[in-house]
Amino acid sequence: MGVQSNIDTSGKELTIKVDGRFDFSAHQEFRDAYEGISADISNYVVDLGNTSYLDSSALGMLLLLRDHAGGDNANITISKCNDDVKKILTISNFEQLFTIQ
Amino acid sequence: MKILIADDNVSDRLLLNKIISKQGHDVIEAENGKHAIDRYVKDCPDIILMDVLMPELNGKEAAKEIKRLAGEDLVPIIFLTSLIDAQSLADCLEAGGDDFLTKPYNHIILKAKIDAFVRMRKMHATLQKQRDTIVENNQHMLHEQHVAKAVFDNVAHSGCLDASNIKYMLSPLAVFNGDVLLAARKPSGGMHVFLGDFTGHGLPAAIGAMPMAEIFYGMTAKGFALRDILREINLKLKSILPIGFFCCAAVVDLSFTKRSISMWMGGVPDCYLISEEGKKLKSLRSHHLPLGVLSSEQFDDEMTEHSMEDGDRLFMWSDGIVEARDEKGEMFGEDRLQAIFKDNFAPDELFAAVQERVSVFVGESERDDDTTLIELMMVEESELDLSSLNMQQGTVKGPSDWKMDYELGVDSLKHFNPLPLLMHIMMEVPALRSMGGQLFTVVAELFSNAFEHGVLRLNSQLKSTPSGFAEYYQLRQQRLDELTEGYVKVSMLHSSESGSSGVFNLIIEDSGLGFDYQAKFTQDPDHVQIENKFSGRGIPLIYSLCHSLEYLGCGNKVRAEIHWPQKIDK
């Protein structure tokens, strides 16, 4: 349950997977998923395939990840969003900051 | 521990007294149920050992009464009985007893049970104490919050939300609201309305709202354009909010004379434009990131225009409406919201209908977000009460007839950007503030033309190819480094006709060679054709912003004239 993360074989891509509701309760776990991880990571993928709902604090967490990953130079893909999740990301115009799939 | 033994049998009582006293407890005695209650009230024993069958009042009845008297305090009652069938023992517990002990007494079990209840009592007392502390702290905090809220409300809600063309609802989840509603009359007529939804609720959200409200009301009263206000708010929030916190917003510049609204939306649900008859005309969608996310350079203040007839209404809401949940956790959703506007409500009743539907839907379930709703109607400006406007205009009185000449030499040109200073001087004129963006464009373009093409003698045609573009800026830097003589003179002149209209003149002259403007302008400088003949990108744009623009002398001097109030068709 909750947040899982893994680094691909190249050691450059970190995938963070969030299950269920992505809200403030996932805050610590989500941060732990990328903080203190190898500095070689250049790509981030946030897999929301099993995320049912996203609230504004989750949007905040995504911005924190973006900041951690280099701000304007961050390379972050948000993948596998369902329609509800996609809608929330679109309303907030997050496609201007992240690659959304 | 003080232990009460209630038993009508004297020898049993004596025996028990002896055992318990030996274990180090104080013992008091009662010989029937009634007596037991009296002793409980008088001596407050910690634990009670009670015979089930007694004269006057039996053990079970006495236990009920003692438990009632004890209220929230834990007074363990252990029943003493010679009955051993399961039902009798179960009855003891049902009557309010906490445990039972069968006769004849086993010393070891008796001691273990008393010790267990002593532990339980201590735990209970600790819990009660902690609970009381929490309640007390909470009350203290709520009190502080109410005081702070009074301050907050004075800052955040000092505008014209009570105007007759506005209906609104703000229902905070906590004492403080994460949603913000601001409305202010513009000195030039019209209204600015702001609906904001901060990440989170309560105090952290309210703290961000304070400076935002100050900027909104302050700059609106001074006549700044909404775009400039948004930029300022974005910059402020970006600098004060921690990363990950931001403010979703729907912001409206309403013009009564133009019968139109100009909107900026970032991260809020679609707003609805409703016709005079109560039919939905269109949904307005958010096209921006929320406030406080992007830096000033990246911030986009693009607004969209929508016309509104008299009686047309604009509905705006925070996501708390669409995401309101019922008992099953289902969201109210956009479909239900849309349906309200298809149900043939009278236009005047729509606002109440939305409130009602959401409230019925949510029912008894616990709300988990602030919910905010506002309806803004287009009316004749004369229908509005003017008092709110007059109050704000009190501070607005700037210079009206003035002239300034400003000349920059080589060293200043190399190291100093005069634009903020020039803007500042122009913005002292209240009527020019709402044209801030446009004035900035005019001054910035003309100044950079004078500097780059005039003083530095760079050819703008270079910029027509990508490689030329790079070369242009390389050359610019080189010439700037080598520059030893030259100047740019800026003259600004403002005059006003009894405060209701005015003319602003900007003349910029440079030390360059000028250019053959007559060849470029053909005969008619106002004609659209010039757009194609100019290589500079800025000039056609400036034409569209000025009342007139003319080149003088050998082309090293330009004069732009801007009139206010602006003609609406421009």
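Structural notes, computed from the coordinates. (Residues numbered from 1 in each chain as written. Chains lettered and ligands numbered in written order. Predicted model: local features only at pLDDT ≥ 70, side-chain atom pairs only at ≥ 80, totals over all residues. Heavy atoms only, no water.)

1. Concerning the overall build of chain A
The condition is simple: Helix numbering and strand numbering both begin at the N terminus, where a helix is a DSSP run of H or I of at least 4 residues and a strand a DSSP run of E of at least 2. Contacts: residue pairs with any heavy atoms within 4.5 Å of one another. Here, Shrake-Rupley sampling with a 1.4 Å probe gives the accessible areas, and only protein chains in the shown set may cover a residue.
The helix and strand inventory of chain A stands at three helices and seven strands. Put simply, chain A runs from its N terminus to its C terminus through helices and strands in the order β-β-β-α-β-β-α-β-α-β. Partitioning the intrachain contacts of chain A with sequence separation of at least 6 by distance along the chain shows that 66% fall at a separation of at least 24. For chain A, the exposed surface amounts to about 4900 Å²; the carbon and sulfur share of it is 45%.

2. Looking at helix α7 (residues 226-240) of chain B
All names here are of chain B. How we decide: Expected helix span is taken as 1.5 Å per residue step, with the number of steps being one fewer than the number of residues. Only protein chains enter the calculation, and the probe is 1.4 Å; a residue is then buried if its accessible area is under 20% of its type maximum, exposed if over 50%, and partly exposed in between. This arc describes the spread of directions from the helix axis toward the C-beta atoms.
For α7, spanning 15 residues, the distance from its first C-alpha to its last is 21 Å, which sits close to the expected 21 Å at 1.5 Å a residue. The complete set of buried residues in α7 reads Leu 226, Ile 229, Leu 230, Ile 233, Asn 234 and Leu 237. Here the buried residues of α7 occupy an arc of 135 degrees about the axis, which is enough to place them on one side. Those residues of α7 that are buried are in contact with β8 (191-198), α6 (202-221), β9 (247-255) and β10 (260-266).

3. Some remarks on the interface of chain A and chain B
Cut-off, in case you're wondering: In this description, buried area is defined as the sum, over both parts, of the accessible area (probe of 1.4 Å) that is lost when the two are combined. Any carboxyl oxygen of Asp or Glu within 4 Å of a side-chain nitrogen of Lys or Arg constitutes a salt bridge here.
Across the contact, 18 residues belong to chain A and 20 residues belong to chain B. Each partner contributes to the roughly 1500 Å² buried at the junction of chain A and chain B, and carbon and sulfur atoms together form 57% of this total. For the pair chain A and chain B, the number of links is one salt bridge. Where the side of chain A that touches chain B is concerned, the elements lending two or more residues are α2 (56-68) and α3 (83-91) of chain A. Examining the composition of the side of chain A that touches chain B, we find that seven residues originate from one element, α2 of chain A, more than from any other.

4. Let's talk about the packing of helix α15 (residues 436-455) of chain B against helix α16 (residues 466-482) of chain B
Residue and element names in this part refer to chain B. What counts is decided by this rule: Structural elements are reduced to axes, namely lines fitted to C-alpha atoms, with helices fitted over the stretch in contact, and the angle between N-to-C directions of any two is expressed from 0 to 180 degrees. In these notes the angle categories are as follows: under 35 degrees is roughly parallel, over 145 is roughly antiparallel, 65 to 115 is roughly perpendicular, and the rest is oblique. Classes in brief: Ala, Val, Leu, Ile, Met, Phe, Trp, Tyr, Cys and Pro nonpolar; Asp, Glu, Lys and Arg charged; the others, Gly included, polar.
Axis separation between α15 and α16 bottoms out at 11 Å; the angle between their running directions is 80 degrees. With respect to their mutual orientation, α15 and α16 come out roughly perpendicular. Between α15, through Phe 451, Glu 452 and His 453, and α16, the contact on the second element is made entirely by Tyr 472, Arg 476 and Leu 480. Grouping the amino acids of the contact of α15 with α16 by side-chain chemistry returns three nonpolar, one polar and two charged.

5. Comments concerning the side chain of Asp 326 of chain B
All names here are of chain B. We count it as follows: None of His or the chain ends enter the tally, which takes Lys and Arg as positive and Asp and Glu as negative. In protein, a polar contact means a hydrogen-donor-capable atom and an acceptor-capable atom, both N or O and within 3.5 Å, with residues adjacent in sequence counting only if both atoms are side-chain atoms; elsewhere, any N or O pair within 3.5 Å suffices.
On the secondary structure map, Asp 326 appears in the loop between α8 (319-322) and α9 (333-340). No salt bridge is formed by the buried Asp 326, whose closest oppositely charged neighbour, Lys 328, lies at an N-O distance of 4.5 Å. Among the polar contacts listed, one links the side chain of Asp 326 to the backbone nitrogen of Lys 328, at a separation of 3.0 Å. In contact with Asp 326, other than residues within four places in its own chain, are Phe 361, Val 362 and Ser 365.

6. Structural notes on the pattern of salt bridges
Across all of its chains, the model carries 33 salt bridges over all chains by this definition. Notably, a salt bridge pairs Asp 23 of chain A with Arg 21 of chain A, separated by 3.3 Å at the nearest N-O pair. One salt bridge connects Arg 231 of chain B with Asp 301 of chain B, and the closest N-O pair in it is separated by 3.1 Å. Residue Arg 231 of chain B is located in helix α7, and its partner Asp 301 of chain B is located in the loop between β12 (280-284) and β13 (304-307); the two are separated by 70 residues in the primary sequence.

7. Remarks on α2 of chain A
Each full turn of the α-helix corresponds to 3.6 residues, which orients residues three or four apart in the same direction. Residues and elements named next belong to chain A. Here α2 contains 13 residues, and its C-alpha end-to-end distance of 19 Å stays within 8% of the 18 Å for a straight helix at 1.5 Å per residue. For α2, the complete set of buried residues consists of Ser 57, Ala 58, Leu 59, Gly 60, Met 61, Leu 62, Leu 63, Leu 65 and Arg 66. One or two positions beyond α2, positive phi appears at Gly 70, with a value near 115 degrees.

8. Some points on the packing of helix α1 (residues 27-34) of chain A against α2 of chain A
Residue and element names in this part refer to chain A. This is how it is decided: Here a crossing is taken to be left-handed if its near helix is turned anticlockwise relative to the far helix by less than a right angle, and right-handed if that turn runs clockwise.
Look at α1 against α2: their axes get within 11 Å of each other, and the N-to-C directions meet at 20 degrees. Classified by the angle between their axes, α1 and α2 sit roughly parallel to one another. Regarding α1 and α2, the two cross each other, and that crossing is right-handed. On α2, the residues touching His 27, Phe 30 and Tyr 34 of α1 are Met 61, Leu 62, Leu 64, Leu 65 and His 68. Its residues assigned to classes, the contact of α1 with α2 shows six nonpolar, two polar and no charged.

9. Observations concerning the sheet that holds strand β6 (residues 76-79) of chain A
Residues and elements named next belong to chain A. To keep things clear, this is the line we draw: For two strands to be treated as a pair, DSSP must find no fewer than two bridges joining them.
Here five strands make up an open sheet; going across it, the order is β1-β2-β4-β6-β7 and the pairing mixed. The open sheet is flanked by β1 (3-7) and β7 (99-100), the only strands paired with a single partner. Two strands pair when backbone bridges link them, and strand β4 (residues 43-47) and β6 are joined in this way by four bridges, in the parallel orientation. The residue of β6 that forms the bridge with Val 45 is Thr 77. Of the strands in this sheet, β2 (13-18), β4 and β6 are in contact with α2, which crosses β4 at around 165 degrees.

10. Let's talk about the environment of Ile 16 of chain A
All names here are of chain A. With respect to the element layout, Ile 16 can be found in strand β2. For Ile 16, a relative accessible area of 0% gives the class buried. For the pair formed by Ile 16 and Phe 30, sequence separation is 14 residues and the distance between their alpha carbons is 7.9 Å. With residues near it in sequence (within four places) discarded, Ile 16 still touches Val 3, Gln 4, Ser 5, Phe 30, Ala 33, Tyr 34, Val 45, Val 46, Asp 47 and Leu 65.

11. Here we look at the packing of aromatic side chains
Ring pairs (aromatic) are described by centroid distance and by the angle formed between their planes. Threshold: Aromatic pairs are defined between Phe, Tyr and Trp rings, using the six-membered ring for Trp, whenever the two ring centres lie within 6.5 Å; interplanar angles under 30 degrees are classed as stacked, those over 60 as edge-to-face, and all others as tilted.
Using the criterion set out here, one finds 17 aromatic pairs over all chains in the structure. Here Phe 22 of chain A and Phe 30 of chain A contribute two aromatic rings whose centre-to-centre distance is 5.1 Å and whose plane-to-plane angle is 45 degrees, an arrangement assigned as tilted. Note on accessibility: Phe 22 of chain A and Phe 30 of chain A belong to one class, buried. Note on Phe 315 of chain B and Phe 341 of chain B: the rings are 5.2 Å apart at their centroids and 75 degrees apart in plane angle, and the pair reads as edge-to-face.

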